[in-house]
Amino acid sequence: MINFISKDAEDPAKAMQLFTYLLSEEGQILMNYGIEGETFKKKADGTVELLPEVKDMQLHNADQFKKDYRLGEFMFFGHDRHKALSADAFPESIKQMQEWGKGKLTPHFILENVNPNLGTPEARALSAINTKWNSTLVSMLRSKDDASFDNALASYRSFLEENRWSDIVKIRSEKMKQNKEKLGIE
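Conventions and cut-offs
- Residues numbered from 1 in each chain as written.
- Predicted model: local features only at pLDDT ≥ 70, side-chain atom pairs only at ≥ 80, totals over all residues.
- Heavy atoms only, no water.
- Axes fitted to C-alpha atoms, helices over the stretch in contact; angles between N-to-C directions.
- Helix = DSSP H or I, 4+ residues; strand = E, 2+ residues; numbered from the N terminus.
- Parallel < 35°, antiparallel > 145°, perpendicular 65-115°, else oblique.
- Contact = heavy atoms within 4.5 Å.
- Core = buried A, V, L, I, M, F, W, Y, C linked by side-chain atoms within 4.5 Å.
- Buried < 20%, exposed > 50% of the residue type's maximum accessible area, 1.4 Å probe, protein only.
- Polar contact = N/O pair within 3.5 Å; in protein donor to acceptor, adjacent residues only side chain to side chain.
- Salt bridge = Lys/Arg side-chain N within 4 Å of Asp/Glu carboxyl O.
- Phe/Tyr/Trp six-rings, centres within 6.5 Å; stacked < 30°, edge-to-face > 60°.
- Lys NZ or Arg CZ within 6 Å of the ring centre and 35° of its normal.
- Expected span 1.5 Å × (residues − 1).
- Arc of directions from axis to C-beta.
- Left-handed = near helix turned anticlockwise from the far one by under 90°.
- Nonpolar A, V, L, I, M, F, W, Y, C, P; charged D, E, K, R; others polar.

## A closer look at the packing of helix H6 (residues 121–142) against helix H7 (residues 146–162)
Stage number 1. At their nearest, the axes of H6 and H7 sit 9 Å apart, and the two run at 175 degrees to each other. As summarised for this structure, H6 and H7 are arranged roughly antiparallel, according to the angle between their axes. For the pair H6 and H7, contact is made by Ala-128, Ile-129, Lys-132, Trp-133, Thr-136, Ser-139 and Met-140 and by Phe-149, Ala-152, Leu-153, Ser-155, Tyr-156, Phe-159 and Leu-160, respectively.

Next comes the structure, spelled out in structure tokens:
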């Protein structure tokens, strides 16, 4: 999710301080686990455990738990890094889905950040190509016959050639190669 401070904010600096706090270590712990000693305790290994009465309420009286604590529910600034500190962070239903996904999901980090760097001629060309593809796709979907479909596609292919597509492909391929090296993939 993306969060913004609107231009109409009464005190944008205060809003930014709140955003910064909620994304900090302390803010993340507070949102996910509450207050140390009141709702959770830290174990010697650095992990976090909800106190027995809080855990019992979470498991057996979900409505009261939500009313009293709302832990882990403020998603606007949440991320799973801090949830990894405790087995208590996720309900059993979420743990079941996570277990099911093991071995079935493959990260695609090879494809991360492979577009041309912003401000380069290739980046500007890619932006134009993406815009052209959107309008071409609409034209192809609305085409009345095969000939108009083929014409729209041919026009798009010509546009690719005229707008550095081969340079963009080279940049993407090189960046994918670098990502593979970083990941230790041959």
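Having seen the model, we can carry on.
## Structural notes on the nonpolar core
Stage number 1. With 10 residues, the main nonpolar core is built from Ile-29, Tyr-33, Phe-40, Val-48, Leu-50, Leu-51, Val-54, Met-57, Phe-65 and Leu-71.
Stage number 2. Looking at this core, the elements that each hand over two or more residues are helix H2 (25–33), strand E2 (48–50) and helix H3 (52–60).
Stage number 3. Once residues lying within four places of it in the same chain are set aside, the contact partners of Phe-65 are Val-54, Met-57, Gln-58, Arg-70 and Leu-71.
Stage number 4. One finds Ala-125, Leu-126, Phe-159 and Ile-168 within the second-largest nonpolar core, a separate group that totals 7 residues.

## Quick notes on the side chain of Gln-58
Stage number 1. Mapped onto the elements of the fold, Gln-58 is located in helix H3.
Stage number 2. Using a relative accessible area of 19% as the deciding quantity, one classes Gln-58 as buried.
Stage number 3. In this structure Gln-58 touches Leu-50, Phe-65 and Asp-88, once residues within four positions along its chain are discounted.

## Quick word on the environment of Asp-45
Stage number 1. Checked against the element boundaries, Asp-45 lands in the loop between strand E1 (40–42) and E2.
Stage number 2. When its relative accessible area of 58% is taken as the criterion, Asp-45 is described as exposed.
Stage number 3. In this structure, the C-alpha to C-alpha distance between Asp-45 and Leu-85, residues 40 residues apart in sequence, is 9.8 Å.
Stage number 4. A distance of 2.6 Å separates a polar atom in the side chain of Asp-45 from a polar atom in the side chain of Thr-47.

## Regarding the pattern of salt bridges
Stage number 1. Throughout the structure, instances matching the rule amount to 4 salt bridges.
Stage number 2. For Lys-41, the salt bridge goes to Glu-49, with nearest N and O atoms at 3.5 Å.
Stage number 3. Judged by relative accessible area, Lys-41 falls into the partly exposed class, the value being 41%.
Stage number 4. Since its relative accessible area comes to 28%, Glu-49 is described here as partly exposed.
Stage number 5. Between Asp-167 and Arg-164 there is a salt bridge whose closest N-O contact spans 3.5 Å.
Stage number 6. Residues joined in a network through salt bridges with shared partners are Glu-122, Arg-164 and Asp-167.

## Regarding the packing of aromatic side chains
Stage number 1. Scanning the entire structure with this criterion turns up 3 aromatic pairs.
Stage number 2. Seen from their ring centres, Trp-133 and Tyr-156 are 4.9 Å apart, and the 55 degrees between their planes marks the pair as tilted. You can see Trp-133 sitting in helix H6 and its partner Tyr-156 sitting in helix H7, a full 23 residues away along the chain.
Stage number 3. Assessed through its relative accessible area of 11%, Tyr-156 is described here as buried.
Stage number 4. When the ring centre of Phe-159 is taken as origin, the NZ or CZ atom of Lys-132, which lies over that ring, is 5.5 Å away.

## Details of helix H8 (residues 165–183)
Stage number 1. With 19 residues, H8 extends 27 Å from end C-alpha to end C-alpha; this agrees with the ideal 27 Å at 1.5 Å per step.
Stage number 2. Within H8, burial applies to Ile-168, Lys-175 and Asn-179. Down the axis of H8, the sector holding all buried residues measures 45 degrees, keeping them to one side. Facing away from the buried surface of H8 by more than 90 degrees, the exposed residues are Lys-170 and Glu-181.
Stage number 3. Residues of H8 that are buried sit in contact with H6.
Stage number 4. Trailing H8 by a residue or two, Gly-184 shows a phi angle of about 75 degrees, which is positive.

## Brief notes about the packing of H6 against H8
Stage number 1. At a minimum axis separation of 10 Å, H6 and H8 run at an interaxial angle of 110 degrees. Classified by the angle between their axes, H6 and H8 sit roughly perpendicular to one another. Regarding H6 and H8, the two cross each other, and that crossing is left-handed. Residue-level inspection shows Glu-122, Ala-125, Leu-126 and Ile-129 of H6 in contact with H8, the latter providing Trp-165, Asp-167, Ile-168, Ile-171 and Arg-172.
Stage number 2. Along the lines of polarity and charge, the residues of the contact of H6 with H8 split into 6 nonpolar, no polar and 3 charged.

Everything listed here is a matter of geometry and, on its own, says nothing about what the molecule does.
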